[in-house]
Amino acid sequence: MKGSTMKEHLENVGRELYLKISENIHAEVESITEKDCIDYVKDVVIRRTFEGYITERETIYKQVSKELGLELKPAPDRWDRAYNIDFYAEIGDKLIGIQIKPITYQQFLDSHKWHEWMKKSFRKFERKESGKAFVIFSTKLPNGRKGIANPEVLQQIKAFIEDARKRQA
């Protein structure tokens, strides 16, 4: 900056930035096609979302199976549509239905809304399939891994299992 003022220096840096933007970025933007945009949207919506969904379900599925000491089975497709059940486990003649919902911390604060929305379908499951349905919210933990946002539900499931086993004994 020797021999020039701060104002002149900032103006020169601004000019260099403008040249880079107008020559490089402008050319890049002009080379983007409509097909590029469509392919990008498909990639984000289909591949990335689906892969994230599968990773999340598998992670939570394994955590829940281990914590409960149960073999969870994928729910039949009709159960997903009719009852909002992703997985289930058999406890004698009783069933446990589990819905896994990815959720952010902010959404978790409003989790009662999810419970209200699913209550009707859960009641149908409980009535028609002789079981109890639970929702497990998954979230990203501070360590970056997926975890259970509402671990208290595991205690509720364990209590149901214990009660179901007592009734069968």
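For the structure, see preceding data.
Below or above, wherever it landed, is the structure these notes cover. None of the values given here were measured: they were computed from a predicted structure. (Residues numbered from 1 in each chain as written. Predicted model: local features only at pLDDT ≥ 70, side-chain atom pairs only at ≥ 80, totals over all residues. Heavy atoms only, no water.)

1. Describing the pattern of salt bridges
A complete count under the given rule lists 9 salt bridges for this structure. Between Arg15 and Glu11 there is a salt bridge; the shortest N-O distance is 3.9 Å. In this pair, Arg15 and Glu11 both sit in helix H1 (residues 6-30), 4 residues apart, roughly one turn of the helix. For Glu11, a relative accessible area of 35% translates into the label partly exposed. Note that Glu129 and Arg78 form a salt bridge whose closest N and O atoms lie 4.0 Å from each other. (Salt bridge = Lys/Arg side-chain N within 4 Å of Asp/Glu carboxyl O. Helix = DSSP H or I, 4+ residues; strand = E, 2+ residues; numbered from the N terminus. Buried < 20%, exposed > 50% of the residue type's maximum accessible area, 1.4 Å probe, protein only.)

2. Here we look at the nonpolar core
Of all hydrophobic cores here, the largest spans 21 residues; its most connected members are Val64, Leu70, Leu72, Ile96, Ile98, Ile136 and Ile157. Sorting the residues of this core by element identifies helix H2 (34-68), strand E2 (87-91), strand E3 (94-102), strand E4 (131-140) and helix H6 (152-168) as the ones contributing at least two each. The element contributing the most residues to this core is H6, with 6 residues. Once you skip the residues sitting within four places of it in the chain, Ile136 turns out to touch Ile60, Val64, Ile98, Gln99, Ile100, Lys101, Ile148, Asn150, Val153, Leu154 and Ile157. (Core = buried A, V, L, I, M, F, W, Y, C linked by side-chain atoms within 4.5 Å. Contact = heavy atoms within 4.5 Å.)

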